[in-house]
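An overview of the molecular structure
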Amino acid sequence: MPNSSAVAELGGVRTLDVAIVGAGFSGLYMLQRVRDVLHLETQVFEAGDGVGGTWYWNRYPGARCDSESYYYSYSFSRELEQEWNWSSRYPEQPEILGYLNHVADRFDLRRSIRFETRVTSATFDEASNRWNLTTDTGERISAQFLVSAVGCLSSSNTPDFPGIDSFEGECYHTGAWPHEGVDFTGKRVGLIGTGSTGIQATPVIAAQAQHLTVFQRTPNYSIPARNEPLSAELAAEIKANYDEIRQKCRDSDFGFPYVPSERLAGDATPEEQRRVYEELWQLGGFRFFMSSFSDLLTDEAANDTAAEFVRAKIREIVKDPATAELLAPTDHPYGTKRPPIDTSYYESYNRDNVTLIDVRKAAIVEITAGGLRTEDAEYALDTIVYATGFDAMTGALLKMNIRGVDGMRLADKWADGPRSLLGLQVVGFPNLFTITGPGSPSVLVNMPVAIEQHVEWICDCIEYLGRNGLSRIEATEAAQNAWVQHVFDEADETLFPLANSWYMGANIPGKTRVFMPYVGGMGQYRDRCAEVVANGYEGFAMQN
Ligand code: N01
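**A word on the overall build of the chain**
Of the regular secondary structure elements, the chain holds 17 helices and 20 strands. Over its C-alpha atoms the chain spans a radius of gyration of 23 Å, differing by no more than 12% from the 24 Å that the globule rule assigns to 544 residues. In the structure as shown, the chain presents an accessible area of about 21,700 Å², 48% of it carried by carbon and sulfur atoms.

**Concerning the state of the cysteines**
Per the stated rule, a full pass over the model turns up 0 disulfides. The closest cysteine sulfur to the non-disulfide-bonded Cys249 is located on Cys65, 12 Å from its own sulfur. Under the relative-accessibility criterion, Cys249 is labelled buried at 2%. For Cys459, which is in no disulfide, the shortest distance to another cysteine sulfur is to Cys461 and amounts to 9.6 Å.

**Details of the site of the ligand**
The full set close to the ligand counts 24 residues, and Arg64, Thr197, Arg217, Thr218 and Lys337 are the nearest of them. At a separation of 2.6 Å, an oxygen atom of the ligand approaches a polar side-chain atom of Thr197. Arg217 places a side-chain nitrogen or oxygen 2.8 Å from an oxygen atom of the ligand. Contact with the protein chains hides 88% of the accessible area of the ligand, taken as 920 Å² for the molecule alone. The element best represented in the shell around the ligand is helix α5 (residues 196-206), accounting for 3 residues. Considered class by class, the residues forming the shell around the ligand number 9 nonpolar, 9 polar and 6 charged.

**A short note on the packing of aromatic side chains**
Working definition: an aromatic ring pair is given by the centre-to-centre distance plus the angle between the planes. Within the structure shown, the criterion is met by 46 aromatic pairs. Relative to Tyr71, the ring of Tyr70 lies with its centre 4.9 Å away and its plane at 85°, an arrangement referred to as edge-to-face. Relative accessible area serves as the criterion here: at 13%, Tyr70 is assigned to the buried category. Pairing Phe76 with Phe107 gives two aromatic rings, centres 5.3 Å apart and planes at 45°, and the pair type is tilted. Of this pair, Phe76 sits in the loop between α2 (54-57) and α3 (78-83) while Phe107 sits in the loop between α4 (93-106) and β3 (113-114), and the two are 31 residues apart along the sequence. A relative accessible area of 14% places Phe107 in the buried class. Of the aromatic side chains, those joined through ring pairs into one cluster are Phe25, Tyr29, Trp55, Tyr72, Tyr74, Phe76, Trp84, Trp86, Tyr99 and Phe107. When the ring centre of Tyr56 is taken as origin, the NZ or CZ atom of Arg59, which lies over that ring, is 4.9 Å away. Here the basic side chain of Arg106 rests over the ring of Phe107, its NZ or CZ set 5.1 Å away from the ring centre.

**A word on the nonpolar core**
Counting 137 residues, the largest nonpolar core has Met30, Phe288 and Trp457 as its most contacted members. By residue number, the principal contributor to this core is helix α15 (residues 447-467), which donates 11 residues. Excluding anything up to four places from it in sequence, Phe288 contacts Ile223, Tyr277, Leu280, Trp281, Leu296, Ala306, Phe309, Val310 and Tyr334. Counting 23 residues, the second largest nonpolar core, distinct from the first, contains Val21, Leu133, Val150 and Phe429.

**Here's the deal with the sheet that holds strand β15 (residues 378-380)**
One open sheet holds the 3 strands; their spatial order is β13-β14-β15, and the pairing between them is antiparallel. Two strands bound the open sheet, and with one partner strand each, they are β13 (364-368) and β15. Here the average twist between neighbouring strands, direction ignored, is 20°. Direction of pairing for β13 relative to strand β14 (residues 371-374): antiparallel, over a ladder of 4 bridges. Counterpart to Glu366 in the pairing with β14 is Arg373.

**What to know about the sheet that holds strand β9 (residues 211-216)**
A sheet is described by the order of its strands in space; here 5 strands give the open sequence β7-β16-β8-β9-β12, paired in parallel fashion. The open sheet terminates on both sides in strands that have one partner only, identified here as β7 (170-173) and β12 (354-358). Looking at each pair of strands side by side, their axes are set apart by 15° on average, direction ignored. Two elements, strand β8 (residues 188-192) and β9, share 5 bridges in a ladder whose sense is parallel. Looking at β9, one finds that Leu191 is bridged to Val214.

**Looking at the packing of helix α8 (residues 270-283) against helix α10 (residues 300-317)**
Two elements in contact, α8 and α10, have axes separated by 11 Å at closest approach and are oriented at 60°. The angle between α8 and α10 falls in the class oblique. Seen along the crossing, α8 lies across α10 with a hand that is right-handed. Of the residues in α10, those touching α8 at Gln273, Arg274, Tyr277, Glu278, Trp281 and Gln282 are Ala302, Thr305, Ala306, Phe309, Val310, Lys313 and Ile317. Residue composition of the contact of α8 with α10, grouped by class: 7 nonpolar, 3 polar and 3 charged.

Conventions adopted
Residues numbered from 1 in each chain as written. Predicted model: local features only at pLDDT ≥ 70, side-chain atom pairs only at ≥ 80, totals over all residues. Heavy atoms only, no water. Helix = DSSP H or I, 4+ residues; strand = E, 2+ residues; numbered from the N terminus. Rg over C-alpha atoms; globule rule 2.2 N^0.38 Å. Areas by Shrake-Rupley, 256 points an atom, 1.4 Å probe, with all protein chains shown as cover. Disulfide = S-S within 2.5 Å. Buried < 20%, exposed > 50% of the residue type's maximum accessible area, 1.4 Å probe, protein only. Near = heavy atom within 4 Å. Polar contact = N/O pair within 3.5 Å; in protein donor to acceptor, adjacent residues only side chain to side chain. Nonpolar A, V, L, I, M, F, W, Y, C, P; charged D, E, K, R; others polar. Phe/Tyr/Trp six-rings, centres within 6.5 Å; stacked < 30°, edge-to-face > 60°. Lys NZ or Arg CZ within 6 Å of the ring centre and 35° of its normal. Core = buried A, V, L, I, M, F, W, Y, C linked by side-chain atoms within 4.5 Å. Contact = heavy atoms within 4.5 Å. Pairing = 2+ DSSP bridges. Axes fitted to C-alpha atoms, helices over the stretch in contact; angles between N-to-C directions. Parallel < 35°, antiparallel > 145°, perpendicular 65-115°, else oblique. Left-handed = near helix turned anticlockwise from the far one by under 90°.

Here's what the structure looks like:
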């Protein structure tokens with residue numbers, strides 16, 4: 001249903017200052033700032049029929065946040081952070097979606113969101129320095145600024161298996177899960193994919209299904225989440241110390257309030273290493289990754305001490321030695337693929353009704369009417385769950401069919417991988433801003449921290465342009481080239497490029513392999529963005 005305040009004239013063009021695409025964490029905050037702080041005319045366009053973005057679409061069993069709730073949340077409103085109560089360390093998807101719905105209501109955001117509306121094209125008009133948008137509901141919009149808040153992991157990837165449409169059972173992608181849920185009782189379920197999503201879903205589906213067959217291409221290093229209710233005492237302590245917690249997140253590399261270790265793994269004895277890893281394994285969550293040793297991402301030998309610790313844990317937990325070996329990763333360093341966090345993932349393989357199949361050894365050949373066939377066997381299935389991830393970081397942006405100066409398609413401009421200035425703007429696409437775009441810390445960071453920094457930077461920039469009577473801003477070629485080189489240089493100093501990860505675009509056949517996020521750390525990135533502003537938007541060209 002169209003929102004009354006934003007109904008376009010019939011056959012006409014609606015004029016906005018700022019068009020925002022997406023109503024997840026990014027779009028909601030962008031809307032609040034543009035409308036209620038800058039007092040500009042704005043509208044959000046959202047494909048779903050509700051707010052929430054990734055938390056709207058990803059309703060698969062076991063979906064919960066990998067970051068702890070108290071800092072995986074907005075910091076922009078003190079009232080909001082004081083009044084909202086989280087139930088546990090890692091809340092489930094419905095609770096996070098409930099939080100985002102609360103934010104939408106509390107700040108009266110819904111009236112400025114056009115739901116069930118997908119932007120189908122965005123074309124820059126040089127004569128007016130404005131973006132012309134069309135939607136799948138037939139609307140036309142003219143906006144001075146276009147802000148992409150489409151998220152980094154929102155364009156789901158279903159592999160193009162031969163016969164995929166011939167399957168006569170039920171099939172689902174975890175990133176577009178039915179709102180009414182799925183009942184697996186009595187079903188033979190096949191789950192393809194063992195990334196963070198497959199790892200969260202496995203124990204929950206296993207507990208319900210008659211049989212679960214997990215098809216694994218690459219094993220992952222998963223650390224226990226150790227979820228537990230958030231006690232009233234801890235919740236009160238967090239609320240009393242929120243300013244300090246938020247500041248730690250902003251200044252840190254990964255957007256987390258953990259104390260980073262400054263110690264090198266090589267400086268510790270094997271016993272000390274094991275003690276540190278064991279302590280963090282027991283604490284659970286990302287501390288194992290961020291607070292153990294400082295050289296895990298830069299030194300292969302150091303990394304292997306963590307990797308070997310996790311492999312030993314897998315062998316300890318999983319009773320069948322052959323299954324344990326299959327689950328123990330050896331083809332990439334720990335942390336170079338996004339590290340998953342789990343609740344009883346490895347333990348699931350001790351159940352009689354769970355089987356692990358190695359589809360690296362014998363690849364999936366086709367989906368059949370009755371199941372799935374690999375190079376060496378056939379599996380009868382009633383339900384297939386695709387936990388096969390996303391066309392990350394660029395997929396959703398490119399789907400919008402964006403054309404910049406001289407009709408240049410963003411898809412063509414990025415054919416050899418995304419290039420941007422600070423992950424915020426792209427040469428040839430003036431007045432387009434990309435929240436957590438490729439080239440920014442984005443997915444390497446606790447997302448709300450990255451999102452808030454980008455929203456605030458973009459809003460300050462729009463306000464600056466207005467105050468100075470400027471109508472157009474665009475990254476310059478020289479500044480973009482320098483930034484892209486810096487992004488690559490920083491990545492090359494780490495072990496990240498050694499993994500076939502979605503950070504590299506390696507999960508999508510045919511996608512150019514370049515390391516997309518900025519690995520230099522949130523604190524350093526924030527300083528660079530502030531420096532750019534202090535130097536009069538250095539690297540950006542502005543016009544009247
Ligand atoms: O997707 P993935 P995901 N044949 O790309 C396999 C975030 N997240 O949805 O590794 C067989 O990680 C693929 O195999 P391989 C988080 O940032 C956050 O799990 O490419 N297998 C892999 O095992 C995460 O990283 C939360 O060899 C195929 C799996 O499918 C990101 O979302 C929770 C295949 C895909 O794993 C994506 O996670 C969940 C094929 N043709 C996710 N194609 C939070 O809690 C792919 N695979 C915040």
